[in-house]
Amino acid sequence: MNSSSNNIFLIGLMGAGKSTVGKLLAKKLGRRFLDADHVIEDRCGVKIPVIFEMEGEDGFRKREAQAIKDITAEDDVILATGGGAVLLPENRQFLSERGTVIYLHANPMELWHRTKGGEGRPLLKNGDAKKILENLYDIRDPLYREIADHVIETGKPSVNQLVNTLIMQLELSA
Ligand SMILES: Nc1ncnc2c1ncn2[C@@H]1O[C@H](COP(=O)(O)OP(=O)(O)O)[C@@H](O)[C@H]1O
Ligand SMILES: O=C(O)C1=C[C@@H](OP(=O)(O)O)[C@@H](O)[C@H](O)C1
Ligand SMILES: [Mg+2]
């Protein structure tokens, strides 16, 4: 955790609500919001699935690592990471050293409900998405917990309730 940077980093699996919660949190606080996936897309000029098609997951992870390195060097940012941002140790180090890390937690079934039918998540395209999410949960849940300053349960509350809870818990104000 690094409070002086004023950064807030949202982590968690696909469908945890990082992009949605981050955007509303930033709006309510009048703060700058960045979504790592959008930063990567802006830099490349193509959507995430096209990057996966052309460069594979490895190519995407390299671009993601560069984005994480650059964004975490800034101050006063609310960042929604992509679900795999915790896979590389150096990403985990940048995130944990440069801001307050919030793990938005949901169980695999909930994540599946929230992501099914949605486009733009290439990792869920090839196979049984529920099984894939269960496997990713087993691998990544410990990595999220390793760097989380706060673990927020997202199963029941609405996005609006979650954001209000976060603002209260973190004692943030606009
Ligand atoms: N707490 C929540 N309750 C219900 N639906 C949610 C919640 N958080 C997110 N969602 C929905 O789940 C979907 C995925 O959210 P998103 O913000 O894209 O997740 P992430 O960026 O973590 O992959 C969106 O349709 C969003 O509206
Ligand atoms: O979990 C992952 O490895 C990924 C999550 C995605 O972001 P969201 O978590 O916002 O869906 C996106 O970065 C990419 O498709 C890979
Ligand atoms: Mg997202």
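Residues numbered from 1 in each chain as written. Chains lettered and ligands numbered in written order. Predicted model: local features only at pLDDT ≥ 70, side-chain atom pairs only at ≥ 80, totals over all residues.

As annotated in an unreviewed UniProt entry, the chain carries the name Shikimate kinase and is attributed to Polynucleobacter arcticus. Taken verbatim from the UniProt record of the chain, the Catalytic activity (unreviewed entry) comment is "shikimate + ATP = 3-phosphoshikimate + ADP + H(+)". UniProt, in the comment section headed Pathway (unreviewed entry), describes the chain in these words: "Metabolic intermediate biosynthesis; chorismate biosynthesis; chorismate from D-erythrose 4-phosphate and phosphoenolpyruvate: step 5/7." (UniProt positions renumbered as here; feature names shortened; annotations may be inferred.)

Student: Pulling in residues and values, what's your account of the sheet that holds strand 1 (residues 8-11)?
Tutor: The parallel open sheet is built from 5 strands, whose spatial order is 2-3-1-4-5. Taken across any chain shown, the strands that pair with only one partner, and hence form the sheet edges, are strand 2 (32-35) and strand 5 (150-153). Across the sheet, the axes of successive neighbouring strands diverge by a mean angle of 20°, strand direction being ignored. (Pairing = 2+ DSSP bridges. Helix = DSSP H or I, 4+ residues; strand = E, 2+ residues; numbered from the N terminus. Axes fitted to C-alpha atoms, helices over the stretch in contact; angles between N-to-C directions.)

Student: Any chance you could break down the UniProt feature "binding site: substrate" (unreviewed entry) in the chain for me, citing the residues and the numbers?
Tutor: UniProt annotation of "binding site: substrate" (unreviewed entry) refers to Asp37, Arg61, Gly83 and Arg140 when read in the numbering used here. With respect to the helices, strands and loops of the structure, Arg61 is situated in helix 3 (residues 48-72). Contacts of Arg61, omitting those with residues within four sequence positions, involve Gly84, Leu87 and Leu88. Structurally, Arg140 can be placed in helix 6 (residues 129-147). (Contact = placed C-beta atoms within 7 Å.)

Student: Give me the nonpolar core: which residues, what numbers.
Tutor: Judged by nonpolar contacts, the single largest core of 41 residues is most densely connected at Phe9, Leu10, Ile11, Ala36, Leu79, Ile102 and Tyr103. Per-element tally for this core: the top contributor is helix 3, with 6 residues. Sequence-distant contacts of Leu79, defined by excluding residues within four places in its chain, comprise Asn7, Phe9, Leu10, Gly22, Leu34, Ala36 and Ile71. (Core = buried A, V, L, I, M, F, W, Y, C linked by C-beta atoms within 7 Å. Buried ≥ 20, exposed ≤ 12 C-beta atoms within 10 Å, placed from the backbone.)

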